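Residue-level structural notes
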Amino acid sequence: MYDVVVIGARCAGAPAAMLFARQGYRVLLLEKARFPQDTLSSHYIHQPGVALLDRWGLLDRLRDAGCQPIDRQSYDGPGVRLEGFSLPVDGRRTTYAPRRFVLDPILVAGAVASGVEFREACTVNDLVFDGDRVVGVRYTTPGGVETTERARLVVGADGMRSLVARKVGAPNVVEYQRMTCTYYSYWADVPGHFELHERPGRWIGGIPTNDGLRLVMAYFPQSEFAEVRTAVEPAFLEAVRTTAPELYERMSAGSRVEQFYGTGHQQNFFRKAQGPGWVLLGDAAHHKDSITARGITDAFLQAESLTGHIGEDLHDEAALGIALKRYEGGLTDRFFDLYQGALNVAELKPGSKTEMLRKLVGHQNLIDRYFSTVSGACSIDDFYNEELLAVLDQS
């Protein structure tokens, strides 16, 4: 019997398994893929996520994997351009946008080095119940053998379409309609920093990743998904040409080296995240539009929160129940403003904030603090300080 079984070994599950093992628990980590394997991702790790990688002893491994460091960001909207960068978190300001077939194995290696038992290419089919309490999992091994493992706690870090959430009947407690669809690919020989470009109905991001490549992402309104998906390349290139013409010129001088990837199924929700013997983590607990690239960082923060709340109390029934409820309450307390911020950006209506952003020009501290509201280094409440209000009051 295990103390903890974690289902899903990517950005939420692997760190949680690692941290549980470092607390002395016997942990099994199950993953349906065989690593290294890519997955849909916005790639970017904000400053709080980088700080956690450093705390966990994994940041040097990411650097050694050839991921380009990022120290500058720009936003180009209608009639306004801002350049700066988020404030540091725990002394870490440089960020990274690694390929997932690079990042995820690093996280799993950290878990295994901490004592986690990792089994890949395993398909979880069901949960094991004792009354209303989850007490284990049933899964199929790579050899096709159905196996049952029991545990004190089952962690569902199995994504937006979580099997764990479905089996325990976890409802959405906050929910909003889908806002955007997105497609992306990778270009060689396209220099540049972390750049964002916005026009009504369009959002373009360009960011350096591994192997000297540049990730370019285009966001469209959800209402256009059916049309865009039938002709991705022309829709994508036209969006870049009309929204970010200078980036389009650089891309034209370079070369696309992979196919297009994308989705129109970006759900926006908070789920009920815990119950007897089970807890949800990462995208299984809370998912939002990827336009603000919060997924990886939020998964790291949730793993740290869950394991921190539980601490040494896994085998104390009353204390565990309290810890899980505190973790669940912390999801909305910590992430709701970021969730709402993502929905605001995903409206693809820059006019609502353009006037304010224009007033930030010439005030570098405020520009950096603005970028920090997206990274999580600065809360919205802290952003609207006396300095900002004085600038906004100017005619």
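Before reading on, note that the structure itself is shown above.
Per chain, residues are indexed from 1 in the order of the written sequence. Under the rules for a predicted model, residues below a pLDDT of 70 receive no local features and side-chain atom pairs below 80 are neither given nor counted, while totals for whole chains, interfaces and linings still include all residues. Heavy atoms from the whole structure form the basis of all side-chain values; hydrogens and water molecules are not counted.

1. A closer look at the packing of aromatic side chains
A ring pair, where both rings are aromatic, is described by two values, the distance of the centres and the angle of the planes. Here the aromatic set is Phe, Tyr and Trp, taking the six-membered ring for Trp, and pairing holds for ring centres within 6.5 Å; pairs whose planes are under 30 degrees apart are stacked, those over 60 apart are edge-to-face, and all others are tilted. Scanning the model with the defined rule gives 17 aromatic pairs in all. When the centroid spacing of 4.9 Å and the interplanar angle of 55° are considered together, the rings of Phe236 and Phe260 count as tilted. Placement of the pair is Phe236 in helix α7 (residues 232-243) and Phe260 in the loop between β14 (255-256) and β15 (261-263), with a sequence separation of 24 residues. For the pair Phe236 and Phe260, a shared accessibility class is recorded, and that class is buried. Feature note: the residues Tyr370, Phe371, Phe383 and Tyr384 constitute an aromatic cluster, connected by ring pairs. The side chain of Arg26 reaches across the aromatic face of Tyr2, ending 4.0 Å from its centre. The helix and strand labels rest on DSSP assignments: H or I over at least four residues marks a helix, E over at least two residues marks a strand, and numbering proceeds from the N terminus. Working definition: with a 1.4 Å probe on protein chains only, accessible area under 20% of the residue-type maximum means buried, over 50% means exposed, and in between means partly exposed. Each ring is checked for a lysine NZ or an arginine CZ that lies within 6 Å of its centre and within 35 degrees of its normal; such an atom marks a charge sitting over the ring.

2. What about the packing of α7 against helix α8 (residues 245-253)?
Interhelical geometry of α7 versus α8 gives an angle of 130° and a closest axis separation of 5 Å. As summarised for this structure, α7 and α8 are arranged oblique, according to the angle between their axes. For the pair formed by α7 and α8, the contact residues are Phe236, Leu237, Val240, Arg241 and Thr243 on the first element and Pro245, Leu247, Tyr248 and Met251 on the second. Gly counts as polar in this scheme, as do all residues outside two lists: the nonpolar Ala, Val, Leu, Ile, Met, Phe, Trp, Tyr, Cys and Pro, and the charged Asp, Glu, Lys and Arg. Tallied by class, the residues present in the contact of α7 with α8 amount to seven nonpolar, one polar and one charged. Only C-alpha atoms enter the line fits that serve as axes; for helices the fit covers just the stretch in contact. Angles between N-to-C directions range over 0 to 180 degrees. In these notes the angle categories are as follows: under 35 degrees is roughly parallel, over 145 is roughly antiparallel, 65 to 115 is roughly perpendicular, and the rest is oblique. For this analysis, residues touch if any pair of their heavy atoms sits within 4.5 Å.

3. Examining the packing of helix α11 (residues 351-360) against helix α12 (residues 364-375)
Where α11 contacts α12, the axes come no closer than 8 Å and their chain directions differ by 140°. Here α11 lies oblique to α12, going by the angle between them. Contacts between α11 and α12 pair Lys353, Met356, Leu357 and Leu360 from the former with Leu366, Ile367 and Tyr370 from the latter. In terms of residue class, the contact of α11 with α12 is made up of six nonpolar, no polar and one charged.

4. Points about the pattern of salt bridges
The term salt bridge refers to a pairing of a side-chain nitrogen on Lys or Arg with a carboxyl oxygen on Asp or Glu at a separation within 4 Å. Applying the stated rule across the entire model yields 27 salt bridges. The salt bridge partner of Arg55 is Asp90, with a shortest N-O separation of 3.2 Å. Highlighted residues: Arg55 in helix α2 (residues 47-55) and Asp90 in the loop between β4 (80-84) and α4 (100-113), separated in sequence by 35 residues. Asp90 sits in the exposed class, given a relative accessible area of 58%.

5. Topic: unusual backbone geometry
Note on backbone geometry: most residues besides glycine have negative phi, and most peptide bonds are trans. For the bond from Phe35 to Pro36, the omega torsion is -5°, close enough to zero to count as cis. Note that Pro36 resides in the loop between β2 (27-30) and α2. A positive phi angle, close to 75°, is found at His43, a residue other than glycine. On the secondary structure map, His43 appears in the loop between β2 and α2. A relative accessible area of 1% places His43 in the buried class. Its identity is not glycine, yet Asp189 carries a phi of approximately 60°, on the positive side. By relative accessible area, Asp189 is classed as exposed at 62%.

6. With respect to the environment of Asn268
Tracing the sequence through the fold places Asn268 in strand β16 (residues 268-271). The class for Asn268 is buried, based on a relative accessible area of 1%. It is 6.5 Å that separates the C-alpha atoms of Asn268 and Arg178, two residues lying 90 residues apart in sequence. Residues contacting Asn268, with those up to four places away along its chain left out, are Val174, Glu175, Tyr176, Gln177, Arg178, Met179, His287, Lys288, Asp289, Tyr339 and Leu343. Polar contacts, as used here, are pairs of N or O atoms within 3.5 Å; protein pairs need one atom able to donate a hydrogen and one able to accept it. Residues neighboring in sequence count only if both atoms are side-chain atoms. Polar contacts involving the side chain of Asn268 include one to the main-chain amide nitrogen of Asp289, which spans 2.8 Å.

7. Observations concerning the sheet that holds β16
Read from one edge of the open sheet, three strands run β9-β16-β19, paired in antiparallel fashion. Because the sheet does not close on itself, it has two edges, and the strands there are β9 (172-176) and β19 (286-287). As judged from the two bridges shared by β16 and β19, these two strands associate in the antiparallel manner. When the bridges of β19 are listed, Phe270 appears paired with His286. Contacts between helix α10 (residues 317-346) and the sheet are confined to β9, β16 and β19, with β16 contributing the most and set at about 170° to the helix. Here, strands pair whenever DSSP counts at least two bridges between them.

8. A closer look at the state of the cysteines
Cysteine sulfur atoms that pair up within 2.5 Å are treated as a disulfide. Tallied over the full model, the rule gives zero disulfides. Lacking any disulfide linkage, Cys67 is separated from the closest cysteine sulfur, that of Cys11, by 12 Å.

9. With respect to the side chain of Glu31
Mapping Glu31 onto the fold places it in the loop between β2 and α2. Charge convention: Lys and Arg are scored as positive, Asp and Glu as negative, and His as well as the terminal groups of each chain are ignored. Buried and unpaired, Glu31 has no salt bridge, with Arg10 as the nearest side chain of opposite charge at 4.4 Å. Looking at Glu31, its side chain comes within polar contact range of the main-chain nitrogen of Ala9, at 2.8 Å. Aside from chain neighbours lying at most four places away, what touches Glu31 is Gly8, Ala9, Arg10, Phe118, Arg119, Glu120, Ala121 and Cys122.

10. Things to note about the pairing of strand β8 (residues 146-156)
Strand direction decides the pairing type here: strand β1 (residues 2-7) and β8, joined by five bridges, are parallel. Looking at the pairing, Val6 lines up with Val155 of β8. Sheet topology note: the strand β7 (residues 133-140)/β8 ladder contains five bridges and is antiparallel. Looking across to β8, one finds that Val137 is bridged to Glu149. Linking β7 back to β8 in an antiparallel pair, the connection comprises five residues, with Gly144 at a positive phi of about 90°. In terms of strand pairing, β8 meets strand β18 (residues 278-280) through three bridges, oriented parallel. Looking at the pairing, Val155 lines up with Val279 of β18.

The values reported here are purely geometric and, on their own, carry no functional implication.
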